[in-house]
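One letter stands for each residue in the lines below.
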Amino acid sequence: MKDIPLTQKKDRIRTIVITIAAIVLFVVSVNLLNLDMVTFISRFEQSGEVVKHFLALDTSDVGEVFAQLLLSLSMAIASLFLGAIISFILACLGADNISPLPFLSAVIKGVMSVIRAIPSLVWILMIVASLGFGSMAGIIGMMFPTVGYLTKSFISSIEEVPIQVIETMKSTGANWFQLIQEGILPNVSKSFLNWLAIRVEGNVAESISLGMVGAGGIGTLLTRAISSYNYGRITFIVLTIFCTMFAVEMLVTRAKKAI
């Protein structure tokens, strides 16, 4: 009896080449980082003592922690709401199948690509440098990545609408606004809600992390606790953030199932 190979020879060669390339890339990356493994291993023995400090909980400022957490959540919701409105308008102008001007679609897509390429942290740092510290800087800073993400997502949903729907609406004499209201929205409302549900989780996470660079909220409290080496307060804030993100994820999951 002749053995039948489960994988082709070229597939095995490709797997070997990819594996070797990945190992070489890892070795080169480690060498470029100049990691001091000796110092790391020597200090690793102190990790047990550090963990003991984090086992304490400092709940003396629980009121302030929850107030700043509410501020972070408010910034996330406000930036999502404003960003969703702007994104919807830009998506209607930028989708190829309904854009009133072809060149406008290309411009909007290009600008959104630039916005998405810049990390949220960079946006918030630029806004803080321009407007100063505070929640307003946080809201405006988060609006940029929100608009970049939602506009691209909304455009992809609009462009998936069957061309027959658009042609039928146009043949009846519907104008551009009627086309969006009667032809586009009924077909994309569910996908829009899914995109918003996904983005709200990201906004909450960003509002917490961006607070560490001056946007306000619970991230600011975490930065202060770290700078003062208040391990008990750090632990309490981290646990609060973890519970908040877990609750948000559960709510988003349930919302997407309900949708």
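Everything that follows concerns the structure shown earlier in this document.
Draft legend 1. Region of the structure containing the side chain of Arg199. The residue Arg199 is located in helix 9 (residues 176-210) in this model. Look at Arg199 and you get buried, because its relative accessible area is 9%. Among the polar contacts made by the side chain of Arg199, one reaches the side chain of Asn203 at a distance of 2.8 Å. If we ignore the near neighbours within four places in the chain, the residues touching Arg199 are Leu80, Pro145, Thr146, Tyr149, Leu150 and Glu206.

Draft legend 2. Focus on unusual backbone geometry. Although it is not a glycine, Tyr229 adopts a positive phi angle of roughly 55°. With respect to the helices, strands and loops of the structure, Tyr229 is situated in the loop between helix 10 (218-227) and helix 11 (231-258).

Draft legend 3. Structural view of helix 11. In a regular helix each residue adds 1.5 Å, so 28 residues correspond to 40 Å; helix 11 covers 40 Å between its end C-alpha atoms and thus fits that length. Here helix 11 has its buried residues at Gly232, Arg233, Ile234, Thr235, Phe236, Ile237, Thr240, Ile241, Thr244, Met245, Val248 and Val252.

Draft legend 4. Region of interest: the nonpolar core. Grouped together as the largest cluster of nonpolar side chains are 42 residues, with contacts concentrated most on Ile98, Ile158, Ile184, Ile218, Ile237 and Ile241. Of all the secondary-structure elements, those providing two or more residues to this core are helix 4 (62-94), helix 5 (102-117), helix 7 (135-159), helix 8 (163-171), helix 9, helix 10 and helix 11. In terms of residue count, the dominant contributor to this core is helix 9 (9 residues). For Ile158, the contacting residues outside a window of four places in its chain are Ala91, Cys92, Ala95, Asn97, Ile98, Ile184, Val188 and Phe192.

Draft legend 5. Focus on the packing of aromatic side chains. Going through the model one piece at a time under the given rule, you end up with 6 aromatic pairs. Measuring from centroid to centroid gives 4.0 Å for Phe154 and Phe192, while their planes differ by 25°, and the two rings are stacked. Taken together, the residues Phe154 in helix 7 and Phe192 in helix 9 connect sequence positions 38 residues apart. Both rings, one in Trp176 and one in Phe177, keep their centres 5.3 Å apart while their planes meet at 75°; by these two values the pair is edge-to-face. Residue Trp176 is classed as partly exposed on the basis of its relative accessible area of 26%. Given a relative accessible area of 61%, Phe177 falls into the exposed group. An aromatic cluster of three or more residues is present, and its members are Phe88, Phe154 and Phe192.

Draft legend 6. Structural context of the environment of Ile218. As for its placement among the helices and strands, Ile218 is situated in helix 10. Residue class for Ile218 comes out buried when judged on its relative accessible area of 0%. Residues Ile218 and Ile241, 23 residues apart in the sequence, show an inter-C-alpha distance of 8.3 Å. Not counting chain neighbours up to four residues away, the residues in contact with Ile218 comprise Val65, Gln68, Leu69, Ser72, Ile208, Ile237, Thr240 and Ile241.

Draft legend 7. Quick peek at the packing of helix 5 against helix 7. Following both chains from N to C, one finds helix 5 and helix 7 inclined at 135°, their axes separated by 8 Å at the closest point. The angle between the axes of helix 5 and helix 7 places the two elements in the oblique class. Read as a crossing pair, helix 5 and helix 7 show a hand that is left-handed. Mapping the contact onto sequence places Ile108, Lys109, Met112, Ile115 and Arg116 in helix 5 and Phe144, Pro145, Val147, Gly148, Tyr149, Thr151, Lys152, Ile155 and Glu159 in helix 7.

Draft legend 8. The environment of Met112, seen in detail. By the secondary structure assignment, Met112 is in helix 5. Look at Met112 and you get buried, because its relative accessible area is 6%. Excluding anything up to four places from it in sequence, Met112 contacts Leu90, Val147, Gly148 and Thr151.

Calculation rules
- Sequence positions are assigned chain by chain, starting from 1 and proceeding in written order.
- With pLDDT at 70 or above as the cut-off, local features in this predicted model cover only qualifying residues; side-chain atom pairs require 80 or more to be listed or tallied, and sums for whole chains, interfaces and linings still use all residues.
- Based on all heavy atoms of the structure, the side-chain values leave hydrogens and waters out of the count.
- Secondary structure elements follow DSSP: runs of H or I no shorter than four residues count as helices, runs of E no shorter than two count as strands, and numbering proceeds from the N terminus.
- Exposed residues in this analysis have more than 50% of their type's maximum accessible area, buried residues have under 20%, and partly exposed residues fall in between, with area computed by a 1.4 Å probe over protein chains only.
- Under this definition, polar contacts are N or O atom pairs within 3.5 Å; protein pairs additionally need one hydrogen-donor-capable and one acceptor-capable atom, and for neighbouring residues in sequence, both atoms have to be side-chain atoms.
- A contact between two residues is defined here by any heavy atoms of the two lying within 4.5 Å.
- One fewer than the residue count of a helix, multiplied by 1.5 Å, yields its expected span.
- We call a set of buried residues a nonpolar core when its members are Ala, Val, Leu, Ile, Met, Phe, Trp, Tyr or Cys and they connect through side-chain atoms within 4.5 Å of each other.
- Ring pairs are drawn from Phe, Tyr and Trp, using the six-membered ring of Trp, whenever the two centres fall within 6.5 Å, and their geometry is named by plane angle: stacked under 30 degrees, edge-to-face over 60, tilted for the rest.
- Orientation is described by lines fitted to C-alpha atoms, with helices fitted over the stretch in contact, and by angles between N-to-C directions that extend from 0 to 180 degrees.
- For classification, angles of less than 35 degrees are called roughly parallel, those exceeding 145 degrees roughly antiparallel, those between 65 and 115 degrees roughly perpendicular, and all remaining angles oblique.
- In this scheme the handedness of a crossing depends on how the near helix is turned from the far one: anticlockwise by less than a right angle means left-handed, clockwise means right-handed.

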